[in-house]
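Here is what each chain is made of, one letter per residue.
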Amino acid sequence: MKTVLSGIRPTGNLHLGNYYGALINFLKMQEDKDNRCFFFIADLHAMTTHPDPKMMQENVRNILATYLACGLDPEKATIYIQSQIVEIVELELLFGPFVSIAELSKVVTFKEKAKQQPKNVNVGLFRYPVLMAADILAFNADYVPVGKDQEQHLEFTQHIASRFNNRFGVNYFKEPTPFIVKDQALVKIPGLDGSGKMGKSEGNCIYLVDDPQTIEKKVKGALTDNGPEGANTPKPEYIENLFTILKVVSTPEVVAHYDHLWNAGEQKWYGNLKKQLAEDIIKVTSPIRERINDIKNDNAYLRRVTQAGAAKARESAGKTLRDVREIMGLNYFA
Ligand code: TYM
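What you see is a predicted model, and the numbers here were worked out from it, not measured in a lab.

1. Points about the site of the ligand
Then comes step 1: By nearness alone, 28 residues border the ligand, and R9, Y128, D135, D149 and I189 come closest of all.
Then comes step 2: Within the backbone of I189, a nitrogen or oxygen atom sits 2.7 Å from a nitrogen atom of the ligand.
Then comes step 3: For the ligand, whose free accessible area comes to 710 Å², the fraction covered by protein is 98%.
Then comes step 4: Comparing atom positions with the cavity grids shows the ligand to sit within the largest pocket.
Then comes step 5: Mapped by element, the contributors of at least two residues to the shell around the ligand are strand 1 (2-8), helix 1 (16-30) and helix 8 (128-137).
Then comes step 6: Here the residues of the shell around the ligand sort into 13 nonpolar, nine polar and six charged.

2. Some points on the packing of aromatic side chains
Then comes step 1: A complete count under the given rule lists 17 aromatic pairs for this structure.
Then comes step 2: For the ring pair Y172 and F173, a centre distance of 5.0 Å and an interplane angle of 75 degrees mean the geometry is edge-to-face.
Then comes step 3: Given the relative accessible area of 21%, Y172 is considered partly exposed.
Then comes step 4: Aromatic rings pair up to connect F95, F98, F164, F168, Y172 and F173 into one cluster.
Then comes step 5: Just above the ring of F243 sits the side chain of K235; from NZ or CZ to the centre is 4.2 Å.

3. Thoughts on the pattern of salt bridges
Two side chains of opposite charge can pair, provided their charged atoms sit close to one another.
Then comes step 1: Applying the stated criterion across every chain, the model contains 14 salt bridges.
Then comes step 2: The salt bridge involving D259 is made with K235; its shortest N-O contact spans 2.7 Å. Here D259 is found in helix 12 (residues 252-263), whereas its partner K235 is found in the loop between helix 10 (212-220) and helix 11 (237-249), with 24 residues between them in sequence.
Then comes step 3: Between K283 and D280 there is a salt bridge, with the nearest N and O atoms lying 3.5 Å from each other. Here the residue K283 and the residue D280 both occupy positions in helix 13 (residues 270-295), the gap between them amounting to three residues, near one helical turn.
Then comes step 4: What you see here is one network of salt bridges that share partners, running through E31, D73 and K76.

4. Quick look at the sheet that holds strand 3 (residues 77-81)
Then comes step 1: Overall, parallel pairing links the three strands, which are arranged 1-2-3 in an open sheet. Each having just a single partner strand, strand 1 and strand 3 make up the two edges of the open sheet. Averaged over neighbouring strand pairs, the angle between their axes works out to 15 degrees when direction is ignored.

5. Some details on the pairing of strand 1
Then comes step 1: Within strand 1, five of the seven residues are buried, which leaves the element mostly enclosed by the surrounding structure.
Then comes step 2: As judged from the seven bridges shared by strand 1 and strand 2 (residues 35-41), these two strands associate in the parallel manner. Within the sheet, the bridge partner assigned to V4 lies in strand 2 and is C37.

Conventions we followed
- Residues numbered from 1 in each chain as written.
- Predicted model: local features only at pLDDT ≥ 70, side-chain atom pairs only at ≥ 80, totals over all residues.
- Heavy atoms only, no water.
- Near = heavy atom within 4 Å.
- Polar contact = N/O pair within 3.5 Å; in protein donor to acceptor, adjacent residues only side chain to side chain.
- Areas by Shrake-Rupley, 256 points an atom, 1.4 Å probe, with all protein chains shown as cover.
- 1 Å grid on protein atoms, 1.4 Å probe; cavity = no way out; pocket = protein on both sides within 12 Å on 5 of 7 lines; lining within 4 Å.
- Sits in = over half its atoms within 2 Å of the grid points.
- Helix = DSSP H or I, 4+ residues; strand = E, 2+ residues; numbered from the N terminus.
- Nonpolar A, V, L, I, M, F, W, Y, C, P; charged D, E, K, R; others polar.
- Phe/Tyr/Trp six-rings, centres within 6.5 Å; stacked < 30°, edge-to-face > 60°.
- Buried < 20%, exposed > 50% of the residue type's maximum accessible area, 1.4 Å probe, protein only.
- Lys NZ or Arg CZ within 6 Å of the ring centre and 35° of its normal.
- Salt bridge = Lys/Arg side-chain N within 4 Å of Asp/Glu carboxyl O.
- Pairing = 2+ DSSP bridges.
- Axes fitted to C-alpha atoms, helices over the stretch in contact; angles between N-to-C directions.

Quick look at the structure:
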């Protein structure tokens, strides 16, 4: 049995990057009978940016409904909300002494956030990778399906696991790998604005709940130019980005067709490319959007799923915490 675990922060609606970077792999992995899967909503991680309480309620509801609408199945995977598993919080505290201030200061996501919000460089942001390690090691996960942007965070979890083992001379924690499906590279879905990744805070997202007209409008507005300047020239980043999204939503034939047009140095086909791209994105997102809207208002169902998930998750994390306390010598008068 392999343990698979991953989470998503409830900081807004889920977008194509979350879907192709993470969710699609959650779905594949839950179908494998040899996997024990845990998928959660990382609400404690979201607290680092001071969300409004009403928004938190709304976002957690939306993400849970999105998980279920995409096909995550509470019968096959343990689905829970991070803050309902108090054992994780204690583990985070116990892991703090295994990482240095210098190391945490070098984390790219921390440096970026510190630049974005210089007046709010808080301790929660700083400890972000330690909390992630607690999330993962609480269940001793083997595989963590994530997008490429989480790779460095995962390395921290590996360090904490191996330092803990070395410090106490045990072989207790596994070092989890970010690899998803065999031999598949980590994915980065770009934004439609020319550079960088699709991200909630970048404002360049196509959301799973966007209606067809909105998707058409967003794709139409993607940055392009006059076309290739000759045959077999390299694609600039903003054009490569459109192809990257096309590759995940369309068929290989469609991709080959537009690749051929580019390589032949032809012009005036971007309009068709965008039309096709929007159409194929809508094909993926429409059924999900409709199900989200149904599930979202079923309070009793959402409560049932999260209560059952929390009970299962706490049982597992509780066992880890008891072991860790014992290994660390915190089991007094036993
Ligand atoms: P978050 O909420 O930023 O993103 C959730 C997942 O979506 C992936 N992702 C992308 N993948 C490809 N292209 C993109 N443009 C893109 N944007 C987002 C992310 O890689 C991620 O897999 N720290 C995590 C949440 C977390 C977690 C964990 C994950 C907390 N604890 C333990 C795994 C294990 C985060 O902020 O994800």
